[in-house]
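Structural overview
The primary structure of each chain is shown beneath.
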Amino acid sequence: MKDIGIDLGTANVVIYVKGSGIVLNEPSVVAIDSDTKKVLAVGNEANEMLGRTPGKIKAIRPMKDGVIADFDVTGAMLNHFIKKAIGKRIMKPRILICCPSNITQVEKTAIMEAAISTGARKVFLEEEPKVAAVGAGLDISKPSGNMVIDIGGGTTDIAVLSLGGIVTSESIRIAGNTFDSDIIKYMKDKHKIIVGERSAEEIKKEIGSVYRKDKNEKMEVKGRDAVTGLPRTVTINQEEIEGALKEDALKIVRATKTVLEKTPPELSADIMDKGIILTGGGSLLEGFPQLLKEELEVPVFVADSPLTCVAEGTGVLLEHLELLEN
Ligand code: ADP
Ligand code: MG
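Here's what I pulled together on the structure shown here. (Residues numbered from 1 in each chain as written. Chains lettered and ligands numbered in written order. Predicted model: local features only at pLDDT ≥ 70, side-chain atom pairs only at ≥ 80, totals over all residues. Heavy atoms only, no water.)

This part takes up the sheet that holds strand 7 (residues 94-99). Read from one edge to the other, the open sheet built from 5 strands follows the order 3-2-1-7-8, with strand pairing classed as mixed. Each end of this open sheet is capped by a strand with a single partner; those strands are strand 3 (21-27) and strand 8 (122-127). Adjacent strand axes in the sheet meet at a mean angle of 20°, parallel and antiparallel pairs treated alike. Bridging between strand 1 (residues 4-8) and strand 2 (residues 12-17) involves 5 bridges; their strand directions are antiparallel. Counted as the bridge partner of Asp7 is Val14 from strand 2. Against the sheet, helix 4 (residues 128-135) contacts strand 1, strand 7 and strand 8, and its axis sits at roughly 85° relative to strand 8. (Pairing = 2+ DSSP bridges. Helix = DSSP H or I, 4+ residues; strand = E, 2+ residues; numbered from the N terminus. Axes fitted to C-alpha atoms, helices over the stretch in contact; angles between N-to-C directions. Contact = heavy atoms within 4.5 Å.)

Here it is in structure tokens:
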């Protein structure tokens, strides 16, 4: 029987099937008809529609800020992805879901119910920082401190783990999406040009940086003139974008400092030795490890596959599901 693990992220859903590995990796986006509330498309297909939908079709991210903005839509999305991942099966799988760490009990129950309704035999929920750490290859079962910073789309989760549990942690709503918004705002204020969410994300991935570099790359950006309303192209450089992103990047640094200050000294000493591990797609933003290293004076490493490491972590935990059973 194939148990499955799900990383229910604010930006992406990644599904791991025991014995097969990662079988699905799609954006957490749903397109709905705003009149009838009918779901029209989910995942990749819905993502193509973001910002490009006519009148009554709305493409939404139901988990945008790391909280469930819309229960029904989240349930429909989860249902769609699980069916797509496992197809038609006679045996009911057990499902391990990893969800944002700051969700409420009501939201947890809603996620469990949505998973059960897809025919799951049993559903387990796990906290994201723990699973991210396991997926990054850390052994969190020992009495030794490990620090993980997961920079996702809607939230950044910072946690210190030891003996299999979270010792200190913090979850802030400054993450990948925030950087996209920073770019949108900068382009409007400075260049008087309106760019969409997707273009902003492209700029971030291409030339975004939060730490001084020698070269200053350039990029052409298309958007809509804020005054005339007509299409226009501008050339921007890396230094400008760094300026736009720096303040929010430093908020993540400060939140990390706060967690370190609350960490028992023995565990801090372990973290000084072993360093901090970065996971989540936001950790791919250029210069993040360098910025943290400089500000905190602690070694910093990025996980091998930051975007899939939580799903990989569920894969490891699926091998020991009995331990979670109680
Ligand atoms: P979540 O777990 O919340 O679904 P992910 O870990 O999937 O989030 O990360 C998604 C975020 O990572 C998005 O904001 C995306 O723009 C960002 N991201 C992905 N690749 C890169 C990159 N190369 N550079 C900067 N940011 C990136
Ligand atoms: Mg995540």
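In this section: the sheet that holds strand 13 (residues 218-225). The strand order across the open sheet built from 3 strands is 12-13-14, with neighbouring strands paired in antiparallel fashion. Sheet topology places strand 12 (193-194) and strand 14 (231-237) at the edges, where each strand pairs with a single neighbour. Alignment of strand 12 against strand 13, held across 2 bridges, turns out to be antiparallel. Along strand 13, the bridge assignment pairs Ile193 with Asp225. Lying on the sheet, helix 5 (residues 176-191) is in contact with strand 12, strand 13 and strand 14; it crosses strand 14 at an angle near 105°.

This brings us to the pairing of strand 7. Most of strand 7 sits inside the fold, with 6 of its 6 residues counted as buried. Neither face of strand 7 is left uncovered, since the one carrying Arg94, Leu96 and Cys98 and the one carrying Ile95, Ile97 and Cys99 both have all their residues buried. With 4 bridges connecting them, strand 1 and strand 7 associate as parallel partners. The residue of strand 7 that forms the bridge with Asp7 is Cys98. As paired elements, strand 7 and strand 8 share 6 bridges and run parallel to each other. Across the sheet, Arg94 pairs through a bridge with Lys122, a residue of strand 8. Handedness of the β-α-β unit built from strand 7, helix 3 (residues 105-116) and strand 8 comes out right-handed. (Buried < 20%, exposed > 50% of the residue type's maximum accessible area, 1.4 Å probe, protein only. Right-handed = clockwise from strand over helix to strand, strands pointing away.)

The residue Lys37 is not glycine, and still its phi comes out positive at about 65°. By secondary structure assignment, the location of Lys37 is in the loop between strand 4 (30-33) and strand 5 (39-42). Looking at Lys37, the relative accessible area reads 57%, which means it is exposed. For Glu297, which is not a glycine, the phi torsion comes out positive at approximately 55°. Mapping Glu297 onto the fold places it in the loop between helix 9 (288-296) and strand 16 (300-302).

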